[in-house]
Every structure is written in structure tokens, then in C-alpha cells.
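Per-entry structural report
So you can see what is in the structure, the chains are spelled out below.
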Amino acid sequence: MFETLEDVRRDCANRLIRAAKDRKVPMHTPAVVTSDVDARTMVLREFDAEAWTLRFHTDTRAPKVAAIEADPRMAVLFYDKGAKVQIRVRGTGRILRDDPVTQAAWEKGTNFAKRCYLGKGPGAVSQVPTSGLPAAFEGVEPSDEDLHPAWDNFAVLLVELEALDWFYLAHTGHVRAQFEREGGEWKGRWVSP
Ligand SMILES: Cc1cc2nc3c(=O)[nH]c(=O)nc-3n(C[C@H](O)[C@H](O)[C@H](O)COP(=O)(O)O)c2cc1C
């Protein structure tokens, strides 16, 4: 099934493409790791298989945004228990604020999803359990006009991949391969699991 390094690299690409499109697969919500030694679950919105870039959406006020802007080294961890495949990737993060890519992503979202960017920023302290949302929009879809202030809080995170580590669990013996990108070309090797 995975006889050549090219088979494995294609498997990585296919899984990432599917992970972005299919909210039911476990790889849709990877752990995203920043250089400040922190990790969090995020929804993978897109995988550009030409540029080998992951796209995520986030709030400009989230602590991870400042961490990425201070040091853009990142890792993202995907695991699909059913498929018995782990994919670890490393790359460089870039936060896009007021940008055509950000604008296109914003326009595609529903008003209900955009509502999250209307509230207090992630990590804002409260004396009581809170969604951080203005009371008027708790469970209520805002209008386009209501959402104007939310746009300023919306950002795209792109992670340009530079290294891949693919691990397949098998009774007959696990299999693992690594790839690094040099000058746009991926160079792979088999490694012991
Ligand atoms: C299933 C799930 C999906 C999430 N998706 C996102 C997301 O797409 N973008 C995001 O910024 N935070 C997302 N979060 C929230 C983050 O995990 C995190 O709590 C928040 O972004 C604050 O992170 P920070 O303090 O590291 O900046 C998600 C959480 C869960 C549980």
C-alpha cells in the first residue's frame, strides 16, 4: 500500500485535503503548536497542496497571534485513530489581517460563525462563566451591519510547511517516513518508528 516515499507523500497531501473539507474526519481539528510551547485545537479550513500551506482562522486578540508574530516557528499534529495514521508537520506561520485572503475567508463565513469575533477577546477574564459575547447575540445571528466591528478581530493564519513526519501503525510493524522541503522540492527518507 505504502511502498514508495512518493506513495507516502501523496497520502499526506490527500489526508490534509480531506481534513480541510470533511468535518467528520479526526484530522479536521489538529493540535496547533506555537513556539511559546503552547498548543490548542483549531479547525483546518484549507490545505493548498501546491504551496503546501495550511489555513486556519483566528481572533487577532488571541494570545497565539502575538506568539506567532514574535516567533513564527510552528508545528501541527494530526492523528486519525481509524486510519492509524499520525502526521506531524513543522512550518512557518503568518498572520494575515486586512488582506484579500482574509477578506475572502470572511465573506465565505456565515453570520452565525462570525458572531464569535464580536465578543471579548480569547482569554479575557470574567467574574462569571461567560461566552464573552454581547448579551444581544447569545444564540442570535447578527446582521451584516452588526458584524462590522467583528471584522477587525478576524485573521487568517497560514502555515507554510517545511517538514512532514508520517507514522502508520501496523501489527506487522509500524512504518514511518520523514520529508523536508528544500528549494520547493520534498526530500524523503524512511526512518525507524
Ligand atoms: C474543536 C475546537 C475547535 C477550535 N477551533 C478554533 C479555531 O479554528 N480557531 C481558533 O482560533 N480557536 C479555535 N478553538 C479554540 C482554541 O482551541 C483556543 O482555546 C483559543 O483559540 C485560544 O487559544 P490561544 O490562547 O492559544 O490563543 C477551537 C477549540 C476547539 C475545542
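These notes cover the structure that comes with them. Note that the coordinates shown come from a computational prediction; the quantities given were computed from them, not determined experimentally.

What follows is about the nonpolar core. Of all hydrophobic cores here, the largest spans 37 residues; its most connected members are L54, F56, F78, L161 and W166. Among the elements of the structure, α1 (5-21), β4 (53-59), α2 (63-70), β5 (73-80), β6 (85-96), β7 (154-168) and β8 (175-182) are those that each provide at least two residues to this core. A per-element tally of this core places β7 first, with seven residues. Each residue touching L161, except ones within four places of it in the same chain, is listed here: L16, F47, W52, L54, V89, R90, G91, R181 and W186. If you look at the next biggest cluster of nonpolar residues, it comprises twelve residues, including Y117, L118, A150 and V156.

Okay, the packing of aromatic side chains next. Enumeration according to the criterion identifies nine aromatic pairs in this entry. Ring geometry for F2 and Y168: centres 5.5 Å apart, planes at 65 degrees, overall edge-to-face. In this pair, F2 is assigned in the segment before α1 and Y168 in strand β7, connecting sequence segments 166 residues apart. Each member of the pair, F2 as well as Y168, is classed as buried. Between F47 and W52, the ring centres sit 5.2 Å apart and the planes meet at 75 degrees, which makes this aromatic pair edge-to-face. Pair check on accessibility: F47 and W52 agree, each one buried. Taken together through their ring pairs, the aromatic side chains of W106, Y117, W151 and F154 make up a single cluster. A cation over a ring is seen here: K114 above W106, with NZ or CZ 4.9 Å from the ring centre. A cation sits over an aromatic face here: R115 above F112, 4.2 Å from the ring centre.

Every residue near the ligand is listed here: R40, T41, M42, V43, R45, H57, T58, A62, P63 and K64. H57 places a main-chain nitrogen or oxygen 2.8 Å from a nitrogen atom of the ligand. Backbone polar atom of P63 to an oxygen atom of the ligand: 3.4 Å apart, as the coordinates give it. Protein chains shield 59% of the accessible area of the ligand, which is 620 Å² for the free molecule. Those elements that provide at least two residues to the shell around the ligand are β2 (38-41), β4 and α2.

For the rest of this paragraph, the subject is the pattern of salt bridges. Tallied over the full model, the rule gives 14 salt bridges. A salt bridge links D11 to R15; the nearest nitrogen and oxygen atoms lie 2.9 Å apart. Pair noted here: D11 and R15 are both in helix α1, with a separation of four residues, about one helical turn. Judged by its relative accessible area of 11%, D11 is buried. With a shortest N-O distance of 3.9 Å, R88 and D165 are connected by a salt bridge. Of this pair, R88 sits in strand β6 while D165 sits in strand β7; the two residues are 77 residues apart in sequence, bridging distant segments of the chain. With relative accessibility at 8%, the residue D165 sits in the buried group. Among the charged side chains, a salt-bridge network with shared partners connects E6, D7, R9 and R10.

When you tally the buried positions in β7, you get 13 out of 15 residues, the bulk of the element. Two strands pair when backbone bridges link them, and β4 and β7 are joined in this way by seven bridges, in the antiparallel orientation. Considered in β7, the bridge of R55 is made with L158. Pairing of β6 with β7, which is carried by twelve bridges, proceeds in the antiparallel orientation. Residue pairing for β7: V85 is matched across the bridge by Y168. In the sheet, β7 pairs with β8 via six bridges, with the strands oriented antiparallel. Within β8, the position partnered with A163 by the bridge is E180.

About the criteria used
- Residues numbered from 1 in each chain as written.
- Predicted model: local features only at pLDDT ≥ 70, side-chain atom pairs only at ≥ 80, totals over all residues.
- Heavy atoms only, no water.
- Core = buried A, V, L, I, M, F, W, Y, C linked by side-chain atoms within 4.5 Å.
- Buried < 20%, exposed > 50% of the residue type's maximum accessible area, 1.4 Å probe, protein only.
- Helix = DSSP H or I, 4+ residues; strand = E, 2+ residues; numbered from the N terminus.
- Contact = heavy atoms within 4.5 Å.
- Phe/Tyr/Trp six-rings, centres within 6.5 Å; stacked < 30°, edge-to-face > 60°.
- Lys NZ or Arg CZ within 6 Å of the ring centre and 35° of its normal.
- Near = heavy atom within 4 Å.
- Polar contact = N/O pair within 3.5 Å; in protein donor to acceptor, adjacent residues only side chain to side chain.
- Areas by Shrake-Rupley, 256 points an atom, 1.4 Å probe, with all protein chains shown as cover.
- Salt bridge = Lys/Arg side-chain N within 4 Å of Asp/Glu carboxyl O.
- Pairing = 2+ DSSP bridges.

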